[in-house]
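# Residue-level structural notes
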Amino acid sequence: METESAKFKIAKMTNMKRFLTFIFSLIVFSLVVEPMPIQAASAHVLDDADLLTAEEEKTIDQKASQIAQDYDLDVLVLTTYEFGSSDVYARDFIESYGEQYHADGYIGYCIDMADRSFWIDGYGENALKYFDQSDTDAISNDVEDYLADEEFGESASAFLNGVDHHLAKATKKYGFFTNIIINKTPYMIVSIFGILFGILVAGMMTFSKMHLHQDKKIKRKADEYSDPVQLDEKNEQLIRTYQTRTPVPKAQDNGGGYSGGGGGGHVGSGGHF
């Protein structure tokens, strides 16, 4: 009996050692091996239609995140295959999605492959402060050029560049001259060359005139000429006659233009491709 009891104790101790060794191994493993990070969904890009490559999605998300941080305005890029209720499904989707998940406001771009539509949408007070109908129209024209060739990543980049440049102008982030360089580079280059060319031509003409007249001498002095104005008593009245004009202020125009948007509404542009 003592032998069996001893064997039981030995087996029990062996099992306990194995259990403790297992627990110790787990502790060491948890300390040495770094846990795998949980991949969170992007707050700026939703590619449900799978139109973007992994690299494009990463680049677009980084750009959108930077714009959102710079101007305190959410920026969205969405793709979907969702049927809507209006004639532009992309509009239905982005307005519903944006109001649900970005209730404070946003500027967004959506492509809906269900009807091959796209929509640029601004929502909320902050977005409407910077974007009106003409602004979204301009950005819409930029992205449409790429959609015809199904260059969806390029169209999203065009949207982000348009938004970034417009906000830079609206907030005067870069200053007047830097802003011109950023947004009007071709015109700036042509203007600079035009100014330099004008200065060069003016300098050449001035030098030429000076060279032609440097050998000329004064033939007669001014006091050698008689008074060209010969006035008698009859014609003197012409000098004494004058006219007085009193400016009359123009009547104020009380009419005013209409500005769209406001409150918690939307402003947007888009179509089909």
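The preceding data block contains the structure.
Here the structure is a predicted model, which means the values were calculated and not measured. Along each chain, residues carry numbers from 1 onward, in the same order as the chain's sequence is written. Two thresholds apply to this predicted model, a pLDDT of at least 70 for residue-level local features and 80 or more for giving and counting side-chain atom pairs, whereas whole-chain, interface and lining totals are computed over all residues. Values shown for side chains rest on all heavy atoms present in the structure; no hydrogens or waters enter the calculation.

### A short note on the side chain of histidine 166
- For helices the rule is a DSSP run of H or I covering at least 4 residues; for strands it is a run of E covering at least 2, with both sets numbered from the N terminus onward. Here histidine 166 is to be found in helix 6 (residues 152–171).
- Two N or O atoms form a polar contact when they lie within 3.5 Å of each other; inside protein one atom must be a possible hydrogen donor and the other a possible acceptor, and for residues adjacent in sequence the pair counts only when both atoms belong to side chains. At 3.4 Å, the side chain of histidine 166 and the side chain of aspartate 135 are in polar contact.
- Every residue pair with non-hydrogen atoms within 4.5 Å of one another is taken to be in contact. The residues touching histidine 166, leaving out its near neighbours within four places in the chain, are Tyr130, Phe131 and Asp135.

### Describing the packing of aromatic side chains
- Ring pairs are drawn from Phe, Tyr and Trp, using the six-membered ring of Trp, whenever the two centres fall within 6.5 Å, and their geometry is named by plane angle: stacked under 30 degrees, edge-to-face over 60, tilted for the rest. All chains considered together, the criterion is met by 7 aromatic pairs.
- Taking the centre distance of 6.2 Å and the plane angle of 65° together, the rings of phenylalanine 152 and phenylalanine 273 count as edge-to-face. Of this pair, phenylalanine 152 sits in helix 6 while phenylalanine 273 sits in the segment after strand 5 (266–272), and the two are 121 residues apart along the sequence.
- Only protein chains enter the accessibility calculation, which uses a 1.4 Å probe; a residue whose area is less than 20% of its type maximum is buried, one above 50% is exposed, and one in between is partly exposed. The partly exposed category is assigned to phenylalanine 273, whose relative accessible area is 22%.

### Brief notes about the environment of aspartate 92
- Assignment of secondary structure puts aspartate 92 in helix 3 (residues 89–101).
- Sequence spacing of aspartate 92 and aspartate 112 is 20 residues, and the spatial spacing of their C-alpha atoms is 9.6 Å.
- In this structure aspartate 92 touches Gly84, Ser85 and Ser86, once residues within four positions along its chain are discounted.

### Focus on the nonpolar core
- Buried Ala, Val, Leu, Ile, Met, Phe, Trp, Tyr and Cys residues form a nonpolar core when they are joined through side-chain atoms within 4.5 Å. Ranked by internal contacts, the top residues of the largest apolar core, which has 32 residues, are Val75, Ile107, Tyr109, Phe131, Phe159, Leu160 and Val163.
- Going through the elements one at a time, helix 2 (54–71), strand 2 (74–80), strand 3 (106–112), strand 4 (117–123), helix 4 (125–130), helix 5 (133–147) and helix 6 are the ones with two or more residues in this core.
- No other element matches the 8 residues that helix 6 contributes to this core.
- Residues Leu78, Phe93, Cys110 and Trp119 belong to the second largest nonpolar core, which totals 11 residues.

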